[in-house]
Amino acid sequence: MKSPCPEVPLHPVVSSAETELRIKRITGKLDQLIPPRPFTHMNTTTSAAHSTATILHPRDAYCRGDRLDVVLEGRDHLGRRKEYGGDFLRARMSSPALKAGASGNVTDYNNGTYLVSFTLFWEGWVSLSLLLIHPSEGASALWRARNQGYDRVIFTGQFASGTSHVDTDCALVLNSSTELCEYLDAQDQEAFYCVRPPHMPCAALTHMHSKNKDVSYLSKQEWSLFERSNVGVEIMEKNVISVSKCNRKTVPVKKKCKFGMTSTIPGGHVWKETWNPVSCSLAPIKMKECLTGKFVYLMGDSTVRQWMEYFKNSINTLKSVDLHESGKFQHQLAVDLDKNINIQWQKHGYPLIGSLTYSVKEIEYIARVIDRTGGEKNTVIVISLGQHFRPFPIDVFIRRALNVHKAVQRLLLRSPDTMVIIKAENIREMHGDVERFSDFHGYVQYLALKEIFQDLNVGLIDAWDITIAYGTKSVHPPQSVVRNEVNILLNYIC
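A quick note: this is a predicted structure, and the numbers were derived from the prediction, not measured.

*Asks:* Go over the overall build of the chain with me, naming the residues and quoting the values.
*Replies:* Secondary structure summary: the chain contains 11 helices and 25 strands in total. Computed over the C-alpha atoms, the radius of gyration of the chain is 24 Å, within 12% of the 23 Å expected from 2.2 N^0.38 for a compact globule of 494 residues. Along the first, second and third principal axes, the C-alpha set of the chain runs to 75 × 60 × 50 Å. Taken across its 494 residues, the chain has 53% of its residues classed as buried. Across the chain, contacts joining residues at least 24 apart in sequence account for 75% of those joining residues at least 6 apart.

As structure tokens, then:
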């Protein structure tokens, strides 16, 4: 007898054509944001020394809670007004003695003028900073170069058969006339390739490592913009203001932070190394009690693996389970049987950059892991994607984010009370490998990720804003930052 219910496919089909269309649409939006800015001479690019930042309506003293506005007028190295925007700027206010910091909000008028707004969250002496990380010409060059090639990082795959081991080249795109092994995710059409070793099956791939290839898509002239002295240059030298309590009434009590609250820019401030959101308050939460009966699945890169380490160090009854994997990206599982706590971390699928050899025997895409997760009110999923995608054309990241989005959508259809959290990227070292890893690439991904997930009932932990506020300059921020990120998660759960 035929069921009265029409058969609904398990995977709501978003056709690959529709996915391609969305990738095109998002890339098109980003292209508009970062138009080509060719330049003939360094002199015509934005200069931090010649640009002027002026505080609007300056006062001798300011009140806590006030907004302070700064107008930035961009000028080139010859002192001429810039007529277009697009400079990659970072605004931050801080009081090192109070271990306090917050990001500022930059509005680009696209005519060489910017409005930088700071909310004066705390009282005391406050330093204002506005860094020109890259001039618009540099940002435009990085964007063009990024989307030109897949070979800035090369992967070496290790095949094992019996006692013999063979290394071959692997990549997201391989231009090779020899026979290739294709490692295809058929459902989402994401693939990774290796040159097939003679007399060995493709299934014999066991390990991987990567290294940077000596290749650049930047011209010699463009490279001059990324010399150390030209990256992250301060525009607002020696700008310190005094902020007082004034006669303000006490600040109204904010509601406790809950899952699903909309985020603001800036999202909050750090004070005495503790994160204080703008729109809600974080309660101190007893971790072990909060996580009792919970299944926490951390998926993605090493910045969320830091959370795994933090959980293991903070709950002394959590026992690590040896899953008999090897290498630095090995799957981690920790359990507390008495309290029924289960926390795991699993790496995301290719591309996974690492100079140390890691096992790929059990590698899989996050979307597939989500598809086989039942989900319910005690299941918490945290996803962190970004750092390993920075050296590759943006379509790789957008496609991955869209595929994860589709998997989360399916999960929330079958188990709407599952909690899904997206952890945004951290800022990282400023003077490292700019063409591959500049925060400019991370910022573009951050914008894309927020756009892709805005229609789903997921939480965002805005690590981008938090790490700017803390002033960290490391892809793996210190424990105090991790502790505060995890505290946001605990407030969402409990």
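Still more ground to cover, so stick around.
*Asks:* Before we move on, could you go through the state of the cysteines and cite the residues and values that matter?
*Replies:* Here the structure, examined in full by the defined rule, presents five disulfides. Cysteine pairing in the chain follows 1-6, 2-4, 3-5, 7-8, 9-10, where each cysteine in a disulfide is numbered by its order in the sequence.

*Asks:* Tell me about unusual backbone geometry, residues and numbers included.
*Replies:* Note that the residue after isoleucine 265, namely proline 266, is joined by a cis bond; omega there is -10°. Structurally, proline 266 is set in the loop between strand E15 (240-244) and strand E16 (268-271). Along the chain, tyrosine 350 connects to proline 351 via a cis peptide bond; the corresponding omega equals 0°. Mapped onto the elements, proline 351 comes out in the loop between strand E21 (341-347) and strand E22 (358-359). The backbone of lysine 272 shows a phi angle near 50°, a positive value even though the residue is not glycine. Here lysine 272 shows up in the loop between E16 and strand E17 (274-277). Here lysine 272 falls in the exposed class, since its relative accessible area comes to 53%.

*Asks:* Run through the nonpolar core, naming residues and quoting values.
*Replies:* Membership of the largest hydrophobic core comes to 110 residues, with the highest contact counts inside it found for Met208, Leu291, Leu298, Trp307, Phe311, Ile383 and Val408. A total of 11 residues in this core trace back to one element, the largest contributor, which is helix H7 (residues 394-414). With near-sequence residues (within four places) excluded, leucine 291 lies in contact with Val296, Phe311, Ile315, Asn340, Ile341, Ile343, Leu490 and Ile493. Counting 25 residues, the second largest nonpolar core, distinct from the first, contains Ala100, Ala102, Leu128 and Ile241.

*Asks:* Can you break down the packing of helix H1 (residues 16-33) against H7 residue by residue, with the values?
*Replies:* Contact geometry of H1 with H7 gives a least axis separation of 10 Å together with a crossing angle of 125°. Between H1 and H7, the interaxial angle falls into the category oblique. Relative to H7, H1 is oriented so that their crossing is right-handed. Residues Thr19, Glu20, Arg22, Ile23, Ile26, Thr27 and Leu30 of H1 pack against Ile394, Asp395, Ile398, Arg399, Leu402, His405 and Lys406 of H7. Here the contact of H1 with H7 is composed, by residue class, of six nonpolar, three polar and five charged.

*Asks:* Account for the pattern of salt bridges, naming residues and giving values.
*Replies:* This model, assessed by the stated rule, comprises 28 salt bridges. Residue glutamate 451 pairs with lysine 29 through a salt bridge whose shortest N-O separation is 3.0 Å. Residue glutamate 451 is located in helix H9 (residues 439-453), and its partner lysine 29 is located in helix H1; the two are separated by 422 residues in the primary sequence. The exposure class assigned to lysine 29 is partly exposed, which follows from its relative accessible area of 45%. Connected through salt bridges with shared partners, the residues Asp185, Asp188, Arg368, Asp371, Lys406 and Arg410 form a single ionic network.

*Asks:* An account of helix H11 (residues 479-493) is needed here, citing residue identities and associated values.
*Replies:* Over its 15 residues, H11 runs 21 Å from end to end, which matches the ideal 21 Å to within 8%, given 1.5 Å per residue. Extensive coverage of H11 is indicated by the burial of 13 of its 15 residues.

*Asks:* Kindly report on the packing of aromatic side chains, identifying the contributing residues and their values.
*Replies:* Considering all chains together, one arrives at 13 aromatic pairs under this definition. Taking the centre distance of 5.5 Å and the plane angle of 75° together, the rings of phenylalanine 88 and phenylalanine 440 count as edge-to-face. Of the two residues, phenylalanine 88 is situated in strand E4 (residues 88-95) and phenylalanine 440 in helix H9; the sequence distance between them amounts to 352 residues. When its relative accessible area of 7% is taken as the criterion, phenylalanine 88 is described as buried. Residue classification places phenylalanine 440 among the buried residues on the basis of a relative accessible area of 6%. Ring centres of tyrosine 446 and tryptophan 464 lie 5.6 Å apart, and the angle between their planes is 20°; this geometry places the pair in the stacked category. Separated by 18 residues along the polypeptide, tyrosine 446 in helix H9 and tryptophan 464 in helix H10 (residues 463-470) bring together distant segments of the chain.

*Asks:* Quick one: what's the story with the sheet that holds strand E9 (residues 153-161), residue by residue and with numbers?
*Replies:* Read across the open sheet, the six strands follow the order E11-E12-E10-E9-E13-E22; overall the sheet is antiparallel. Among the strands making up the open sheet, the edge pair consists of strand E11 (180-185) and E22. One ladder, built from six bridges, connects E11 with strand E12 (residues 190-195); its direction is antiparallel. When the sheet's bridge partners are listed, glutamate 182 is paired in E12 with tyrosine 193.

Rules of the game
Residues numbered from 1 in each chain as written. Predicted model: local features only at pLDDT ≥ 70, side-chain atom pairs only at ≥ 80, totals over all residues. Heavy atoms only, no water. Helix = DSSP H or I, 4+ residues; strand = E, 2+ residues; numbered from the N terminus. Rg over C-alpha atoms; globule rule 2.2 N^0.38 Å. Buried < 20%, exposed > 50% of the residue type's maximum accessible area, 1.4 Å probe, protein only. Contact = heavy atoms within 4.5 Å. Disulfide = S-S within 2.5 Å. Core = buried A, V, L, I, M, F, W, Y, C linked by side-chain atoms within 4.5 Å. Axes fitted to C-alpha atoms, helices over the stretch in contact; angles between N-to-C directions. Parallel < 35°, antiparallel > 145°, perpendicular 65-115°, else oblique. Left-handed = near helix turned anticlockwise from the far one by under 90°. Nonpolar A, V, L, I, M, F, W, Y, C, P; charged D, E, K, R; others polar. Salt bridge = Lys/Arg side-chain N within 4 Å of Asp/Glu carboxyl O. Expected span 1.5 Å × (residues − 1). Phe/Tyr/Trp six-rings, centres within 6.5 Å; stacked < 30°, edge-to-face > 60°. Pairing = 2+ DSSP bridges.

All quantities given are derived from atomic positions and should not be read as evidence of function.
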